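Structural description and commentary
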Amino acid sequence: MEHVILAAASLAEQPDDNTFLVCGSQGTKEFCFNPAGQGLFLVEFPGLQLLREKPGMSKILTPFPAICPPGLEYLLEIDCLLIHQQLELMEALFGFETNNKYEVKNKIGQQIYFATEKSNLCCKIFCGAQRSFKINIVDNMGTEVIRMRRSLHCGSCWCPCCLQKLEVQAPPGEPIGYIVQKWHPCLPNFVIQDESEDAVLKIRGPCCVSSCGRATNFKIKNLDASKTIGNIAKNWSGLITEVLTDVDNFEVKFPMTLDVRIKATLMGACFLIDYMYYETRPR
């Protein structure tokens, strides 16, 4: 998808083949198409970001939220997320499992989201890292924009009939993607699905997931696994942090042009990987 940025004042000054006719609006979103038949355009104010589809496509108007759920607009212009788990003193000092909290930042360290786990105390005690949970993700204004849910499933290669699955919703209540564990005797193996549960990407991890002194990479691949398009890296956090706590740092890389709903789903894959392989200590 091609991105074109125009100033509001210069819109009327474009050549005839780039003149846009406004067809309707929804809140601050206005929907336009090119009278010359060059395809559908979606315009959002302020900033006039024009998202142009392939030439010759139908002029049937598609609502903007179907492409970018509210709250995920920032993900349009980034290709990397840093996910830092916060240190919980009660957990570090006494080993009592608490709700995980994560800061989600861009690659220059600016926080864009904050994630908080919600789970049952009994599940923490009896199920440990395999527990069911809900993760609420809020933006910098405190508005919940993403919700993730994991039911209680087994993650063992000896039980291939009931493997891990995490659902990603944006806005909360509307599924946009799923992360599904696939059976493999020795490798972490996942499929990324869209809202219709159709597979779109694969994630393949290493046989040894230990991050002793180095990063551990979970490669994001296309469906036939012939090309690596991104990576989820569990970074080494230092000897003391790794041995005494379960605080983890991740880096998620993906193509800039990837659908924002899939970007949000890959964020969910990072959380699922953390709970499955790095939530218990010592490692």
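So, here's what we can say about the structure. (Residues numbered from 1 in each chain as written. Predicted model: local features only at pLDDT ≥ 70, side-chain atom pairs only at ≥ 80, totals over all residues. Heavy atoms only, no water.)

Where two aromatic rings form a pair, the distance of their centres and the angle of their planes describe that pair. Under the defined criterion, the tally for this structure stands at 5 aromatic pairs. Each ring, one from phenylalanine 218 and one from tyrosine 277, has its centre 6.0 Å from the other, and the planes form 25°; the classification is stacked. Within this pair, whereas phenylalanine 218 is found in strand E15 (residues 216-221), its partner tyrosine 277 is found in helix H4 (residues 260-277), the two being separated by 59 residues in sequence. Taking relative accessible area as the criterion, phenylalanine 218 reaches 0% and is therefore assigned buried. You can call tyrosine 277 partly exposed: its relative accessible area is 22%. On the basis of an interplanar angle of 65° and a centroid distance of 6.1 Å, the ring pair of phenylalanine 250 and tyrosine 278 is categorised as edge-to-face. Placement of the pair is phenylalanine 250 in strand E17 (residues 249-253) and tyrosine 278 in the segment after H4, with a sequence separation of 28 residues. (Phe/Tyr/Trp six-rings, centres within 6.5 Å; stacked < 30°, edge-to-face > 60°. Helix = DSSP H or I, 4+ residues; strand = E, 2+ residues; numbered from the N terminus. Buried < 20%, exposed > 50% of the residue type's maximum accessible area, 1.4 Å probe, protein only.)

All right, on to the pairing of E15 then. In this sheet, E15 lies alongside strand E14 (residues 199-204) in antiparallel orientation, the contact comprising 3 bridges. Bridge pairing in E15 places lysine 202 opposite lysine 221. Sheet topology places E15 next to strand E16 (residues 228-235); 6 bridges connect them, and they run antiparallel. Its bridge partner lying in E16, asparagine 217 is registered against alanine 233. The antiparallel hairpin formed by E15 and E16 contains 6 residues in its connecting segment, where alanine 225 sits at a positive phi of about 60°. (Pairing = 2+ DSSP bridges.)

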